[in-house]
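# Commentary on secondary and tertiary structure
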Amino acid sequence: MSTDIEPRPATRRPGPPRSIITVVRGLIVGLLTAGTALGVAHLVAALINPAADPVLAVGGVVIDLAPQPVKAFAIRAFGAHDKIVLLAGVYSLLALTAVVLGVAALRRRRHGLAGLAAFAALGVTAVLSRPNATPVDILPVLTGAVAGTAALLVLVGSARTLAIAASSRPRLLNRRQFLAAAAGTALTAGAAATIGQAIGRYSAVGERSRADVRIPPPARPAPPLPASVSANVDGVSPFLTPNQDFYRVDTALTVPQVDVKTWQLTLDGEVDRPRSWTFEGLLARGLVERDITLNCVSNEVGGPYIGTARWSGVLLAPILREAGIRPGQNQLVSRSVEGMTIGTPLEAILDGRDALLAVAMNGEPLPLEHGFPVRMLVPGLYGYVGACKWLTSMSVSTFDAYDAYWVQRGWAADAPVKTASRIDTPKPFAQRAAGPVVIAGVAWAQRRGITAVEVQIDDGPWRQARLAEGPSPDLWRQWVYRWDAKPGNHTLRVRATDATGVVQTDQRAAPFPDGATGWHSTTVTIT
Ligand SMILES: Nc1nc2c(c(=O)[nH]1)N[C@H]1C(S)=C(S)[C@@H](COP(=O)(O)O)O[C@H]1N2
Ligand SMILES: [Mo]
């Protein structure tokens with residue numbers, strides 16, 4: 001029994017029970033060991049390749065492996081914060097395991113070391129499994145593991161000294177030793193992480209490159225938007241979505257930092273004349289400017305993942321034609337710098353719509369989050385089949401020959417935007433005074449265009465809403481309905497009709513696998 005080996009000294013001052021001390025100490029040992037390992041790994045990753053940070057790599061693996069319902073839940077529940085939530089989850093799990101290992105390490109050093117080795121193995125596997133990984137990417141994990149081992153030995157060593165000495169030496173001194181070791185390790189971990197962050201910010205090549213980029217004025221500017229595209233109703237999404245409000249959906253845990261000086265776009269696969277462009281070379285083709293509404297297949301009925309911007313870019317169809325598409329091909333596979341693949345039906349690009357290699361959004365170079373320096377944009381298709389951000393290569397092939405990222409995960413290979421409408425105002429559960437109440441929102445059916453929007457109050461008849469102007473079928477349309485509201489709780493519903501005459505279906509469908517359907521409704525209280 002341990003009490004035989006380490007008898008409690010009679011002089012021991014009353015204090016917390018031994019088991020609690022062990023747990024607290026184990027907690028400190030575990031967290032500081034993990035902190036040192038991750039801090040050093042972060043620093044080394046910042047120096048060689050930010051994407052080789054093991055936490056980011058594990059997070060990336062989680063994103064890629066997460067089953068569809070989990071992803072859908074994350075997008076629904078956390079929206080644009082899904083990545084922060086994911087990283088917080090990874091860190092919490094790591095911290096929890098680290099604490100358990102820390103307590104174990106206090107008993108047996110080799111349990112702690114084995115735990116560290118297991119984490120290093122996990123880190124190496126995750127890092128090497130990332131797209132575009134190279135062997136040097138394991139350096140952050142390896143140096144992190146070495147630093148973690150050193151921290152563990154120092155901390156366990158001092159903790160050991162403390163435990164052995166507990167019976168014979170003054171407690172205070174030994175606790176001091178432990179605290180000194182802990183403080184030293186904490187400082188090392190904190191310094192490594194902070195320097196890593198600073199280097200990361202300093203080497204934000206994408207930010208600097210974007211600041212230097214000059215986008216020439218479009219050779220074919222978009223006609224000015226008439227004021228009548230706006231229904232002039234407070235609470236309706238602005239017709240053009242400001243860049244900082246534009247929704248963001250992607251799998252990138254850190255925003256890719258691309259330097260236009262080294263960036264290249266290649267076109268290959270089943271074409272007669274493969275070729276590549278520098279950024280300047282691409283711009284030299286001349287820019288067109290277009291107002292286009294983009295939305296995400298993951299958008300729920302009534303959801304926020306839609307926006308409209310004035311884009312400028314190079315027309316994609318002529319580029320493909322010049323390259324000479326071989327017979328029998330039906331897919332263009334786009335690849336981004338961080339390894340995303342997006343498959344677009346060639347037909348959609350070549351049928352006369354303005355598919356773009358976009359370089360500017362609302363008069364600025366593309367924001368980093370939206371794909372700087374170049375992204376694809378295909379009007380009428382959901383983003384996951386037509387809007388590859390941080391584009392770096394395009395390859396002509398067939399849908400039989402290659403499944404792109406989302407198709408590998410069960411999403412539809414071809415995904416034209418479905419006709420939909422949304423009530424922007426009143427907000428759900430709003431309270432309004434009886435009398436005139438303005439109901440308004442947006443409707444969209446890119447490529448076809450919206451020709452009617454109707455509103456239904458409770459189970460009453462469908463009434464025509466007034467449509468604001470719709471200059472192009474590739475744009476959403478604002479609508480307004482003036483309602484003479486009577487007191488009570490009411491349900492408001494909206495449905496749209498597209499230019500093919502098809503009325504938006506009331507059949508509820510989830511976003512998976514090719515876009516949500518159903519009527520958006522909202523409940524309000526009239527007093
Ligand atoms: N490289 C890359 N491009 C991507 C994605 C991604 O995850 N990675 N997501 C796609 C999806 S699902 C959508 S809806 C649009 C969103 O574009 P936005 O973030 O600029 O709004 O980008 C598309 N392009
Ligand atoms: Mo999307």
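Residues numbered from 1 in each chain as written. Chains lettered and ligands numbered in written order. Predicted model: local features only at pLDDT ≥ 70, side-chain atom pairs only at ≥ 80, totals over all residues. Heavy atoms only, no water.

## So, the nonpolar core
Grouped together as the largest cluster of nonpolar side chains are 88 residues, with contacts concentrated most on Leu267, Leu282, Trp311, Leu316, Leu332, Leu357 and Met394. Setting aside chain neighbours within four positions, we find leucine 332 in contact with Leu267, Leu316, Leu320, Ile342, Gly343, Thr344, Leu346, Ile349, Met376, Met394, Ser395 and Val396. Ala445, Ile457, Ala496 and Ile526 belong to the second-largest nonpolar core, a separate cluster that totals 21 residues. (Core = buried A, V, L, I, M, F, W, Y, C linked by side-chain atoms within 4.5 Å. Buried < 20%, exposed > 50% of the residue type's maximum accessible area, 1.4 Å probe, protein only. Contact = heavy atoms within 4.5 Å.)

## Observations regarding a nonpolar patch on the surface
Together, Leu47, Ile48, Val136 and Leu139 make up an exposed nonpolar region whose accessible area comes to about 360 Å². Within the secondary structure layout, isoleucine 48 lies in helix α2 (residues 18-48). (Patch = residues over 30% accessible without salt bridge, like charges linked within 9 Å, V, L, I, M, F, W, Y side chains within 5 Å. Areas by Shrake-Rupley, 256 points an atom, 1.4 Å probe, with all protein chains shown as cover. Salt bridge = Lys/Arg side-chain N within 4 Å of Asp/Glu carboxyl O. Helix = DSSP H or I, 4+ residues; strand = E, 2+ residues; numbered from the N terminus.)

## Structural notes on empty space enclosed by the protein
Applying the stated criterion to the full structure yields 3 cavities of 30 Å³ or more. In this model, the largest cavity occupies a volume close to 140 Å³. Asn299, Glu300, Ala420, Trp444 and Ala516 are, among the 17 residues lining the largest cavity, the residues nearest its centre. Residue classes in the lining of the largest cavity are distributed as 7 nonpolar, 8 polar and 2 charged. Structurally, the lining of the largest cavity is a two-domain feature, drawing no fewer than three residues from each of domain 2 (227-408) and domain 3 (420-526). Of the pockets and cavities examined, the second largest cavity occupies roughly 50 Å³. (1 Å grid on protein atoms, 1.4 Å probe; cavity = no way out; pocket = protein on both sides within 12 Å on 5 of 7 lines; lining within 4 Å. Points joined across faces, edges and corners; volume = space filled by probe spheres on them. Nonpolar A, V, L, I, M, F, W, Y, C, P; charged D, E, K, R; others polar. Domains from an automatic or database assignment.)

## Some words on the domain arrangement of the protein chain
What the domain assignment lists for the protein chain is domain 1 (18-203), domain 2 (227-408) and domain 3 (420-526). A C-alpha centroid distance of 29 Å is found between domain 2 and domain 3. Contact with domain 2, which involves 34 residues of that partner, is made by 30 residues of domain 3. Counting each side, the surface lost to burial between domain 2 and domain 3 is near 2,500 Å², with a carbon and sulfur contribution of 58%. Where domain 2 meets domain 3, there are 0 salt bridges. There are 12 residue pairs in polar contact (both at pLDDT 80 or more) connecting domain 2 and domain 3. Those elements that provide at least two residues to the side of domain 2 that touches domain 3 are β3 (288-295) and β4 (306-315). The dominant element in the side of domain 2 that touches domain 3, judged by the number of residues it contributes, is β3, at 5 residues. Of the residues belonging to the side of domain 2 that touches domain 3, the class tally is 15 nonpolar, 15 polar and 4 charged. (Buried area = accessible area lost by both parts, 1.4 Å probe. Polar contact = N/O pair within 3.5 Å; in protein donor to acceptor, adjacent residues only side chain to side chain.)

## Description of unusual backbone geometry
In this structure, the amide linkage connecting threonine 425 to the following residue, proline 426, adopts the cis form with an omega of 0°. Checked against the element boundaries, proline 426 lands in the loop between β11 (420-425) and β12 (431-432). In the segment running from phenylalanine 512 into proline 513, the intervening peptide bond is cis, with an omega of 5°. For proline 513, the position within the fold is in the loop between β18 (488-498) and β19 (520-526). The residue asparagine 132 is not glycine, and still its phi comes out positive at about 65°. Considering the arrangement of structural elements, one finds asparagine 132 in the loop between α6 (109-129) and α7 (139-165). Assessed through its relative accessible area of 52%, asparagine 132 is described here as exposed. In this structure, tryptophan 390 is a non-glycine residue whose phi angle is positive, near 50°. One can find tryptophan 390 in the loop between α13 (383-386) and β10 (391-397).

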